[in-house]
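Residue-level structural notes
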Amino acid sequence: MDTLILEDHALFREALENICARELPHARIVGAADGASALDLFRSQSFTLLVLDLGLPDIHGFAVAGAMRRMVPQVRIIIVTSYCDDYTVYRAEKLGVQGFVDKTVAMSSELRSAVAQVAAGSVYFCARFLRIKAARLSNPLSFDKILSDREMAILVLIATPFTDGEIALELGISPSTVEKHRFNMLRKLGFTTTAELVRFARDRGIVETGSLNPNLAEQTILVTPAASRRSCGSARDTTAPNPS
């Protein structure tokens, strides 16, 4: 199962490469340090497993994973991240990933289990992911039951923060439409101010810190000239287990 590892921290990327090499001894393991490089690799080579972090220096991990899933719908995806909040779990579910590991508490044994199980055709979700998912599904007032997909996309940008004009430009709608959606969200949530909307979003992780909205980022990366992108972080063929 040829594997692409997307992780911007070199030390952790090397650790993931070593784990994958041990669990998938006949696979080709390739590493990338940023989203644009990973997309270049994915377009030019064949991968059946993607292991990625979400907090990348250029493009949000969900944008990268979503683009790859559209290119190769059968690609299996494991998210390894320190972000494990309501919205991140919700988005992982929507994307249909096969694995999710909480980087803040995971030991190497858990990472090995996740890789082995997903590679074998099963799934692996850490305990924290399952708790957050269960709590949201049982809550009749959870954000995904109150807000539409369009409202969620606008809320992400409001909390980034973007102005109404910037949101309209990014989403290809009019500022008055943005204002209407903002009013509807305030009404649905029982709020009176935009500050309350922003607080609601940030409390649930509904904000892209240091990166674009994933849907918008995806549109950007697909038209970015390859020459302007950074090269991948590492690449190696591991036809035998790494002894280290």
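Residues numbered from 1 in each chain as written. Predicted model: local features only at pLDDT ≥ 70, side-chain atom pairs only at ≥ 80, totals over all residues. Heavy atoms only, no water.

**Some remarks on the nonpolar core**
Rules: For this analysis, a nonpolar core means a set of buried residues of the types Ala, Val, Leu, Ile, Met, Phe, Trp, Tyr and Cys, connected via side-chain atoms within 4.5 Å. Only protein chains enter the accessibility calculation, which uses a 1.4 Å probe; a residue is then buried when its area is under 20% of its type maximum, exposed when over 50%, and partly exposed in between. Put simply, DSSP marks the helices as runs of H or I at least four residues long and the strands as runs of E at least two long, and each gets a number from the N terminus on. Two residues qualify as a contact provided that any one of their heavy atoms is within 4.5 Å of a heavy atom in the partner residue.
Among the nonpolar cores identified, the biggest contains 33 residues, and Leu4, Leu50, Met68, Ile77 and Ile79 are the most heavily contacted of them. The greatest single-element share of this core, amounting to six residues, is contributed by helix α3 (residues 61–71). Excluding residues within four positions of it along the chain, Ile77 makes contact with Leu50, Leu52, Ala65, Arg69, Leu95, Val97, Gln98 and Gly99.

**Observations concerning the packing of aromatic side chains**
Heads up, the rule is: Here the aromatic set is Phe, Tyr and Trp, taking the six-membered ring for Trp, and pairing holds for ring centres within 6.5 Å; pairs whose planes are under 30 degrees apart are stacked, those over 60 apart are edge-to-face, and all others are tilted.
Under the criterion given, the structure shown has seven aromatic pairs. With a centroid separation of 6.0 Å and an interplanar angle of 70°, the aromatic rings of Tyr87 and Phe143 are classed as edge-to-face. Placement of the pair is Tyr87 in helix α4 (residues 86–95) and Phe143 in helix α7 (residues 143–146), with a sequence separation of 56 residues. Exposure remark for Phe143: the relative accessible area of 2% places this residue in the buried category. Aromatic side chains Phe125 and Phe129 sit 4.8 Å apart centroid to centroid with 20° between the ring planes, which places their arrangement in the stacked category.

**Re α4**
Side chains three or four residues apart in an α-helix point the same way, a direct result of the helix having 3.6 residues per turn. Note the cut-off: Residues adjacent in sequence count toward polar contacts only when both atoms are side-chain atoms; beyond that, a polar contact is any pair of N or O atoms within 3.5 Å, and within protein one must be able to donate a hydrogen and the other to accept it.
Within α4, seven of the ten residues are buried, leaving the element largely enclosed by the surrounding structure. For α4, the capping residue at the N-terminal end is Asp85, with a side-chain oxygen 3.2 Å from the backbone nitrogen of Tyr87. Looking one or two residues past α4, Gly96 carries a phi angle of roughly 80°, positive in sign.

**Re the packing of helix α1 (residues 10–23) against helix α5 (residues 108–119)**
Filter applied, for reference: Between N-to-C directions, angles span 0 to 180 degrees; the directions come from axes that are lines fitted to C-alpha atoms, helices contributing only their stretch in contact. Roughly parallel here means an angle under 35 degrees, roughly antiparallel means over 145, roughly perpendicular means 65 to 115, and every remaining angle is called oblique. The hand of a helix crossing depends on one turn: near helix anticlockwise from the far one by less than a right angle means left-handed, and clockwise means right-handed. Three classes are used: nonpolar for Ala, Val, Leu, Ile, Met, Phe, Trp, Tyr, Cys and Pro, charged for Asp, Glu, Lys and Arg, and polar for all others, with Gly counted as polar.
Between α1 and α5, whose axes approach to 10 Å, the crossing angle comes to 55°. When the axes of α1 and α5 are compared, the pair comes out oblique. Judged by the twist between their axes, the crossing of α1 over α5 is right-handed. Where α1 approaches α5, its residues Phe12, Leu16, Ile19, Cys20 and Glu23 are matched on the opposing element by Ser108, Leu111, Arg112, Val115 and Ala116. The residue makeup of the contact of α1 with α5, split by class, is seven nonpolar, one polar and two charged.

**Side note on the packing of helix α9 (residues 164–171) against helix α10 (residues 175–189)**
Two numbers describe how α9 lies on α10: the axes approach to 8 Å, and their chain directions differ by 110°. Comparing their axes, α10 and α9 come out roughly perpendicular. Every residue of α10 that contacts α9 at Asp164, Ile167 and Ala168 is listed here: Pro175, Val178, Glu179 and Arg182. Grouping the amino acids of the contact of α9 with α10 by side-chain chemistry returns four nonpolar, no polar and three charged.

**Some details on the pattern of salt bridges**
What counts here: In what follows, salt bridge is the name for a side-chain nitrogen of Lys or Arg lying within 4 Å of a carboxyl oxygen of Asp or Glu.
Throughout the structure, instances matching the rule amount to ten salt bridges. The residue Lys103 makes a salt bridge to Asp53 at a minimum N-O spacing of 3.0 Å. Of this pair, Lys103 sits in the loop between β5 (99–102) and α5 while Asp53 sits in the loop between β3 (49–52) and α3; the two residues are 50 residues apart in sequence, bridging distant segments of the chain. The partner of Arg128 in a salt bridge is Asp102, with the nearest N and O atoms 3.1 Å apart. Of this pair, Arg128 sits in helix α6 (residues 127–138) while Asp102 is found in strand β5, placing the two residues 26 residues apart along the sequence. Relative accessible area serves as the criterion here: at 33%, Arg128 is assigned to the partly exposed category. Within this structure, Glu7, Asp53 and Lys103 form a network of salt bridges that share partners.

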